[in-house]
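Summary of the model geometry
One-letter residues, chain by chain:
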Amino acid sequence: MAETRFVVPQGEFDLIRYPPTRDENLRAWDAADELILLQLAEVMENEQIARVFVVNDAFGALAVGVSAALGAAAEGGAPGGELHVVSDSHVASLAMRQNLERNDLPYPTEWSVGSDGAWEPLEAPSTAEGDGQPAGIDIVLIKIPKALALLELELAGLRGAVGSSSIIIGGAMTRDVHSSTVTLFEEGLGPTRTTRARKKARLILTELDPGVAPQAPNPSLYQLEIEDAHLVNLPGVFSARRLDNGTRLLVEHLPDIADEARVIDLGCGNGALGIAALLNNPTADLTFIDESRLAITSARLSFEREFADAAPGSRPSATFRVADCLDGLPGESADLILCNPPFHQGRAHGDDVAWKMFKGARRVLRPGGQLWVVGNRHLDYTQKLKRAMGNSQLMANDPGYQVVRAIG
């Protein structure tokens, strides 16, 4: 069983991963989370901290530690503190809420990252009233994301939210801290230094330079390779510069789509599979689903770019849904699901997300409905779909990828 006891200066907590994993070696935190919270404790010994923003908290370890620290400070007579969490990931939000509940701690105010980097409030249980960028931030704790393009976008938004007195602390495992990472902080915020490594993690400490005015990175635009269709890809969204080979293989072997079929692009990214399906049959009713809010924005922008000039009455129908796989959709409601599943969550490789997608597809597909999946050959989705769906058939393959179909 995976370790769940998380001990940091702010207290001892019970943390688990979401979604659940079968890998007993995976915990809901890493040494970088511990190092960031240790640094926070040292800061709070000397300064009064009331408003804390946490960015990219994967499973809620940082939120749990900060929430406990603010609560302890309030019990000690300090003014009430505020915790705000900024994330692109819906699944990370679910993981954080789960672990806050497990430790009897309140929800924070939640923010997403907009396409221009600006922070946008989410409709969460404790979301503060009002819109627009936050202000009056005492300290920002940033977990460095795997995608540097996402970090660049986040730093552009952060620059508009912090002030000269704000304390900025980044952290990551050493494998994720490169000279390019430091350069992004320097160009986005100001003078930056790194600490010595500890338990294979290190901190990035930054001071705000009022003269720095970073620009959010532009989205990329590339061909879908069907007619003259193009895809819009925001920073941090899968397949940043070109159509990935697995998606290309499935696009080349899309099944025939019946008129007015209900189709789902599951884990849609920039919407490549769904856009291809609509080009195949524009009468289809498409639902784009992804847990990344930037991915859903990318899919929406791709859809609008491709079909904005459609004649009145002929514009395809599309719904865009931020969700954890197929959660919340009614059973037996889809005719076709197209999917290029992720085989990792952050740095951890595994098939837990794919299994959840497959089991959800079995529930959501109508009798006779089809699930079409593409993946690396070594993932062996042919056998996995047989176990999850009761059947599978290899429909196409190349040296690196396989397209597999299962019938509901």
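Parameters at a glance
- Residues numbered from 1 in each chain as written.
- Predicted model: local features only at pLDDT ≥ 70, side-chain atom pairs only at ≥ 80, totals over all residues.
- Heavy atoms only, no water.
- Salt bridge = Lys/Arg side-chain N within 4 Å of Asp/Glu carboxyl O.
- Helix = DSSP H or I, 4+ residues; strand = E, 2+ residues; numbered from the N terminus.
- Buried < 20%, exposed > 50% of the residue type's maximum accessible area, 1.4 Å probe, protein only.
- Pairing = 2+ DSSP bridges.
- Axes fitted to C-alpha atoms, helices over the stretch in contact; angles between N-to-C directions.
- Contact = heavy atoms within 4.5 Å.
- Disulfide = S-S within 2.5 Å.
- Parallel < 35°, antiparallel > 145°, perpendicular 65-115°, else oblique.
- Left-handed = near helix turned anticlockwise from the far one by under 90°.
- Nonpolar A, V, L, I, M, F, W, Y, C, P; charged D, E, K, R; others polar.
- Core = buried A, V, L, I, M, F, W, Y, C linked by side-chain atoms within 4.5 Å.
- Phe/Tyr/Trp six-rings, centres within 6.5 Å; stacked < 30°, edge-to-face > 60°.

**Notes on the pattern of salt bridges**
Inspection of the entire model under this criterion finds 14 salt bridges. Salt-bridge contacts for E3 lead to R27; the nearest nitrogen and oxygen are separated by 3.5 Å. Linking E3 in the segment before strand 1 (5–8) with R27 in the loop between strand 2 (11–14) and helix 1 (31–46), this pair joins segments that are 24 residues apart in sequence. The exposure class of E3 is partly exposed, given its relative accessible area of 40%. Given a relative accessible area of 27%, R27 falls into the partly exposed group. R51 is paired through a salt bridge with E82; the nearest N and O atoms lie 2.9 Å apart. You can see R51 sitting in strand 3 (residues 51–55) and its partner E82 sitting in strand 4 (residues 82–86), a full 31 residues away along the chain. One network of salt bridges, with partners in common, ties together D30, D33 and K143.

**A word on the sheet that holds strand 13 (residues 262–266)**
In sheet architecture, strand pairing relies on hydrogen bonds along the backbone and comes in two forms, parallel and antiparallel. Read from one edge to the other, the open sheet built from seven strands follows the order 15-14-13-16-19-21-20, with strand pairing classed as mixed. Two strands lie at the open edges of the sheet, namely strand 15 (317–322) and strand 20 (393–397), each paired on one side alone. On average, adjacent strands in this sheet sit at an angle of 20° to one another, irrespective of strand direction. As judged from the seven bridges shared by strand 19 (residues 365–376) and strand 21 (residues 401–407), these two strands associate in the antiparallel manner. Note on strand 21: the bridge partner recorded for N376 is Y401. Contacting strand 16 (334–339), strand 19, strand 20 and strand 21, helix 6 (residues 245–252) crosses the sheet at an angle of about 50° to strand 21. Running over the sheet, helix 8 (residues 293–307) touches strand 14 (285–290) and strand 15 and is turned about 165° from strand 15.

**Quick notes on the state of the cysteines**
If you walk through the whole model with that rule in mind, you get zero disulfides. Lacking any disulfide linkage, C268 is separated from the closest cysteine sulfur, that of C339, by 10 Å.

**Side note on the packing of helix 1 against helix 2 (residues 61–75)**
It is the contact of helix 1 with helix 2, at a shortest axis distance of 10 Å, that shows an interaxial angle of 20°. Of the possible angle classes, the one that applies to helix 1 and helix 2 is roughly parallel. Considering how the two elements wind past one another, helix 1 and helix 2 form a crossing that is right-handed. Contacts between helix 1 and helix 2 involve D33, I36, L37, L40 and M44 from the first element and A61, L62, G65, V66, A69, L70 and A73 from the second. Tallied by class, residues from the contact of helix 1 with helix 2 come to 10 nonpolar, one polar and one charged.

**With respect to the nonpolar core**
In terms of nonpolar packing, the biggest core is built from 40 residues, with V66, I139 and L141 touching the most fellow members. Dropping the residues within four chain positions of it, L141 is found in contact with I36, L40, V52, F53, V54, V55, V66 and I169.

**Regarding unusual backbone geometry**
Residues Y18 and P19 are joined by a peptide bond in cis, for which omega reads -5°. Here P19 shows up in the loop between strand 2 and helix 1. With a phi angle near 55°, C325 is a residue other than glycine that sits in the positive phi range. One can find C325 in the loop between strand 15 and strand 16.

**Topic: the packing of aromatic side chains**
Overall, the coordinates contain eight aromatic pairs when judged by the stated rule. Between F6 and W29, the ring centres sit 4.9 Å apart and the planes meet at 45°, which makes this aromatic pair tilted. Placement of the pair is F6 in strand 1 and W29 in the loop between strand 2 and helix 1, with a sequence separation of 23 residues. For the pair F6 and W29, a shared accessibility class is recorded, and that class is buried. With centroids separated by 5.0 Å and ring planes inclined at 5°, the aromatic side chains of F288 and F320 adopt a geometry described as stacked. In this pair, F288 is assigned in strand 14 and F320 in strand 15, connecting sequence segments 32 residues apart.

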